[in-house]
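For reference, the chains in residue letters:
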Amino acid sequence: VSSVSRRNQSLSNVPAAAFVITAEDIRRSGALALPDVLRMVPGIQVAQIDSGRYAVSARGFNGRFANKLQVLIDGRSVYQPFFSGMLWEYDPIPLEDIERIEVIRGAGAAMWGVNAVNGVINIISRHSRTQSGALAAGTIGTNGQGQLYTRAGGSLDAETTWKLSAQGRHAEPSKQLANDRYSEDSLNNGVVDFRLDRSLTGGSDFSFWTNAGSSSVGDRYPIIPNPLNPATLTPFEISQKISSRTLGARYRWLTEGGIESSLQGSVGNSSLELKDAFELNSTQFDIDYQGRYTFAEHDLLWGASHRTVSDEVWTRYVLEINKPEFTQRTTGVFIHDNWTLIRETLQLGLGARWDQTNL
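In this text, all values refer to a predicted model and were calculated from it rather than measured experimentally. (Residues numbered from 1 in each chain as written. Predicted model: local features only at pLDDT ≥ 70, side-chain atom pairs only at ≥ 80, totals over all residues. Heavy atoms only, no water.)

Draft legend 1. Spotlight on unusual backbone geometry. The backbone of R59 shows a phi angle near 60°, a positive value even though the residue is not glycine. Mapped onto the elements of the fold, R59 is located in the loop between β3 (54-58) and β4 (69-73). For R59, a relative accessible area of 53% gives the class exposed. In this structure, E344 takes a positive phi of about 65° despite not being glycine. The topology assignment puts E344 in the loop between β17 (325-342) and β18 (346-357). (Helix = DSSP H or I, 4+ residues; strand = E, 2+ residues; numbered from the N terminus. Buried < 20%, exposed > 50% of the residue type's maximum accessible area, 1.4 Å probe, protein only.)

Encoded structure:
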């Protein structure tokens, strides 16, 4: 695992309550959505709100907008920065493209910064060299569940591989308990993902990825007063749409002095719309550097990161935002030392992180 201290370690040696979901576990689970996969993790609470919406948290404090759980894909944050939470009805990555999911139950802010208060979920994607050839897989389930996944991959030369995948998912509306009628919460998701990996000389490698996805789900809100009886509210049907586009790259290299380094950056744009009520357009830029050096009995790790998020909000009827346009900039540095006191028996880990934001 690599999520506990940002270095590869044996699961039996990590100083944290960690759990790993492998690709085989995902396949055997029969789950179509990422939250359903997380149900097998001890200490993770998963509640399904309707046919598409979920509430996921670690160590309690659950809710649809739980903001104490950091969610990452290959070390980059994927939560919605407007409320620092995760919209689980949106598929950030096809399940077939996941190598493993590393879940840490407990504080991880010293390594991963904000939101890693009660836990960290790091989704590790599969390398493109393991996804060569073509694949098409369809799944049909009860209650109107269905999914289709397609993939093509290959190699440009001996050192360069690529893959292109697409996934679509559909869920029929759920039934209301009060009157046994169908609700308006049918779900439609789609995501396309491309990845290219190249091995370079001297143990270096380069990865490039881009993906785009969209999600739509309905709902009913009792927010319109009944003019004949002001004490009651009339249900109002509303549609929610999410779209996202991301472009990123990572370069890892080894210096002559024995320092392992990694530089990763990404830029993305996402939008969230509640029809005739709320619309959010967000642009994110992330850059992260990490270095590692081993000497004597010490394994020293350090790094720096910066994130810029620009939000534009439009609202109607139900709420009002004081600052419809806002840009948040967060910069952080961290250092961590893993000191071996007694070989194969006792280690001491000590780390610290400093973050500054313009809020």
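Draft legend 2. Summary view of the pairing of β3. Counting buried positions along β3 gives five out of five residues, so the element sits mostly inside the fold. Inspection of the sheet shows strand β2 (residues 44-48) paired to β3 by five bridges, in the antiparallel sense. By the bridge assignment for β3, V46 is matched with V56. The loop that links β2 with its antiparallel partner β3 comprises five residues. (Pairing = 2+ DSSP bridges.)

Draft legend 3. Main features of the sheet that holds strand β1 (residues 17-22). As summarised here, the arrangement of the five strands in space is β1-β6-β7-β4-β5, forming an open sheet in which the pairing is mixed. Edge positions in the open sheet fall to β1 and β5 (76-77), since each of these has one partner strand only. Pairing between β4 and β5: two bridges, direction antiparallel. What sits directly across from L72, in β5, is S77.

Draft legend 4. Expanded view of the pattern of salt bridges. A full pass over the atoms with the stated rule returns 18 salt bridges. A salt bridge links R100 to E102; its shortest N-O distance comes to 2.7 Å. Residue R100 is classed as partly exposed on the basis of its relative accessible area, which comes to 23%. A salt bridge links R198 to D157; the nearest nitrogen and oxygen atoms lie 3.3 Å apart. Linking R198 in strand β11 (residues 187-199) with D157 in strand β9 (residues 145-157), this pair joins segments that are 41 residues apart in sequence. Overlapping salt bridges, with partners in common, bring together R7, R292 and D299 in one network. (Salt bridge = Lys/Arg side-chain N within 4 Å of Asp/Glu carboxyl O.)

Draft legend 5. Representation of the nonpolar core within the structure. Grouped together as the largest cluster of nonpolar side chains are 25 residues, with contacts concentrated most on L38, W88 and I101. Residue assignment for this core shows that the elements contributing at least two residues are α2 (34-37), β2, β3, β4, β6 (98-105) and β7 (119-125). Aside from chain neighbours lying at most four places away, what touches I101 is F19, V20, I21, I26, L34, V37, L38, I121, N122 and I123. V14, I104, W112 and A116 belong to the second largest nonpolar core, which has eleven residues in total. (Core = buried A, V, L, I, M, F, W, Y, C linked by side-chain atoms within 4.5 Å. Contact = heavy atoms within 4.5 Å.)

Draft legend 6. Structural detail: empty space enclosed by the protein. Enumeration according to the criterion identifies three cavities of 30 Å³ or more in this entry. Estimated volume of the largest cavity: approximately 430 Å³. The wall of the largest cavity is formed by 26 residues, among which S77, V78, S244, T246 and Q284 lie closest to the centre. Elements with a contribution of two residues or more to the lining of the largest cavity: β5, β13 (229-254), β14 (260-274) and β15 (278-295). In the lining of the largest cavity, the residues fall into eleven nonpolar, eleven polar and four charged. Surrounding the second largest cavity, 14 residues form its lining, D74, R76, S125, D193 and W209 being those nearest its centre. Among the secondary structure elements, those contributing two or more residues to the lining of the second largest cavity are β11 and β12 (205-226). (1 Å grid on protein atoms, 1.4 Å probe; cavity = no way out; pocket = protein on both sides within 12 Å on 5 of 7 lines; lining within 4 Å. Points joined across faces, edges and corners; volume = space filled by probe spheres on them. Nonpolar A, V, L, I, M, F, W, Y, C, P; charged D, E, K, R; others polar.)

None of this, on its own, says anything about what the molecule does.
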